[in-house]
Amino acid sequence: MFRSMGCAMALAVATAPAYAQQSDEVRKLQQRVDRLEAQSQPRGQSAFNPEISLILQGTAASLKQDPGTYQITGFAPSGGEVGPPRRGLSLAESELVVAANVDPYFRGQLVAALTPEDEIEVEEAFFQTLALGRGFTLKGGRFLSGIGYQNEIHQHAWDFQDAPLAYNAFLGGRLNDDGVQARWVAPLDFLLELGIEAGRGRNFPATDPNKNGAGAWSLFGHVGGDLAGSAWRAGLSYLRVKPSDRAFEDSDALGAAATQSFTGESKLWIADLVVKWRDLKLQGEYFRRQESGDLTYDDSGGSAVFGALTDSYKSTQSGWYAQAVYRFLPQWRVGYRYDRLDHGDVSNGIVDNGLGPTAADFPLLMTDHNPTRSTLMVDWSPTEFSRLRLQFAQDKSRAGVTDDQVVLQYVHSLGVHGAHKF
């Protein structure tokens, strides 16, 4: 018996160090698990710490032509802020960005635009899913549409101070709408992305319809990858809206006021391509729009010669831009952009029937002018948070008028700011 007890005691003494070591490892592992669980638990409001950033912008501009009379001849005004900045010193639009993960399943972001007119506009306010899996993402709220390339990029991150003419003519500068977006990225070794959006249609080219359901539909697809040391991305997009009484002010042949409004269907296609090779970035987009429906002409508030007339209207118009930006020193870049719009084919039933107004009564729509613009810029970025840009442009958007523009712009970023788009 004493022999058996002695053997048991000897075995216990022999295994004690190994057991103690194992218990110590288990204890350390449990401590790590407890710390991780504590970090993942919801925290109180005092611990809530979203990403907050502020973008400050301003310009000093010298313009040959009055920006108050700006128009893109041959294209219906969008009502958006598509003209050059005001002359002299001016505060530009500032942005306040607040973003954070709501929980493991959703992320939210707000982008508020602080205008020089002391107004606050909601540029973006959306939620986005984080855990759908299989490459799917759902976004809802107000957001910049995924069509084209530059549309999703915020203004402070553009390579030039202003938007391309095609964006101004066909989208009123850019498209941001209230709606939902579904996006899918394929699990491949190259980029393959497909997306669909249903929106309210609150802005040009739509007219914010008072209806149930969607007022704007869009589709987009992108492919991209690496080739011979360069990165590239190409895309194709489609936007369809049905504007109702999309009105703008024009003048008749006598120079008196006349109102024109369009009701019908508008379809827009966009093809885009971006190539980055070392310190060189090449970017271009082609736009093509078809509109068909009815056009109403009303000179009752002016010369009152014809009153209100309505007839068929159909147009096919296009535009494109191409730009190159080269970083010739670590903090310095130079870039050139060329814009062109094609007035295309316009069929105006009011003019074609020959019983009333003539083409001279539609100086904005019935023209052979094809707007162009050439822009040269150089910018200096001492850090990733600040940029100074000097830009020269020769703008021929208005028929028979050349606007020589010189703009000095500053952009400063305060706080945490997410990475920019490719």
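Basis of the calculations
- Residues numbered from 1 in each chain as written.
- Predicted model: local features only at pLDDT ≥ 70, side-chain atom pairs only at ≥ 80, totals over all residues.
- Heavy atoms only, no water.
- Helix = DSSP H or I, 4+ residues; strand = E, 2+ residues; numbered from the N terminus.
- Contact = heavy atoms within 4.5 Å.
- Polar contact = N/O pair within 3.5 Å; in protein donor to acceptor, adjacent residues only side chain to side chain.
- Salt bridge = Lys/Arg side-chain N within 4 Å of Asp/Glu carboxyl O.
- Buried < 20%, exposed > 50% of the residue type's maximum accessible area, 1.4 Å probe, protein only.
- Core = buried A, V, L, I, M, F, W, Y, C linked by side-chain atoms within 4.5 Å.
- Phe/Tyr/Trp six-rings, centres within 6.5 Å; stacked < 30°, edge-to-face > 60°.
- Patch = residues over 30% accessible without salt bridge, like charges linked within 9 Å, V, L, I, M, F, W, Y side chains within 5 Å.
- Areas by Shrake-Rupley, 256 points an atom, 1.4 Å probe, with all protein chains shown as cover.

Novice: Which residues make up the environment of D342, and what values do they have?
Specialist: With respect to the helices and strands, the residue D342 is situated in strand β15 (residues 332–348). C-alpha of D342 to C-alpha of T372: the two residues are 30 residues apart in sequence and 9.1 Å apart in space. Residues within four places of D342 in sequence aside, it is in contact with F75, Q317, S318, G319 and N370. Among the polar contacts listed, one links the side chain of D342 to the backbone nitrogen of G344, at a separation of 3.0 Å.

Novice: Mind laying out the pattern of salt bridges, listing which residues take part and the relevant values?
Specialist: Applying the stated criterion to the full structure yields 24 salt bridges. The partner of D159 in a salt bridge is K281, and the shortest N-O contact between them spans 3.2 Å. With D159 in the loop between β6 (136–144) and α2 (165–171) and K281 in strand β13 (residues 280–298), this residue pair connects regions lying 122 residues apart in the sequence. K281 shares its class with D159; the two are buried. For the salt bridge of D379 with R387, the shortest nitrogen-to-oxygen distance reads 3.9 Å. With respect to burial, D379 and R387 carry one shared label: buried. Three or more residues are tied together by salt bridges with common partners; here these are D159, K281, R333, D379, R387 and R389.

Novice: Please give an account of the side chain of D379 that cites residues and values.
Specialist: Mapped onto the fold, D379 is located in strand β16 (residues 372–383). In terms of polar contacts, D379 uses its side chain to reach the side chain of R333, at 2.7 Å. Only 3.5 Å separates the side chain of D379 from the side chain of R389, close enough to count as a polar contact.

Novice: Residue-level account of the nonpolar core, with values.
Specialist: With 27 residues, the main nonpolar core has F170, L171, L268, F287 and L341 as its most contacted residues. Elements supplying a minimum of two residues to this core: α2, β10 (230–241) and β12 (257–277). With six residues, α2 is the largest single contributor of residues to this core. Every residue in contact with F170, bar those within four places of it in the chain, is listed here: F75, F204, P205, L268, F287, R289, Q317, S318, G319 and L341. Counting 12 residues, the second largest nonpolar core, distinct from the first, contains F248, A258, L364 and L365.

Novice: Give a detailed account of the packing of aromatic side chains, specifying residues and quantitative values.
Specialist: Under the definition given, this model contains 10 aromatic pairs. Measuring from centroid to centroid gives 5.9 Å for F170 and F287, while their planes differ by 10 degrees, and the two rings are stacked. Here the residue F170 occupies a position in helix α2, and F287 occupies one in strand β13, the gap between them amounting to 117 residues. On the accessibility criterion, F287 (0% relative accessible area) is buried.

Novice: Requested: an account of a nonpolar patch on the surface, with residues and values cited.
Specialist: Residues Y326, F328, L329, W332, V334, Y336, L376, L390, F392, V406 and L408 make up a contiguous nonpolar surface patch of roughly 930 Å² in combined accessible area. Counting residues per element, the ones that place at least two in the nonpolar patch are β14 (308–329), β15, β17 (386–396) and β18 (403–415). With respect to the helices, strands and loops of the structure, L390 is situated in strand β17.

Function cannot be read off these values alone, since they describe shape.
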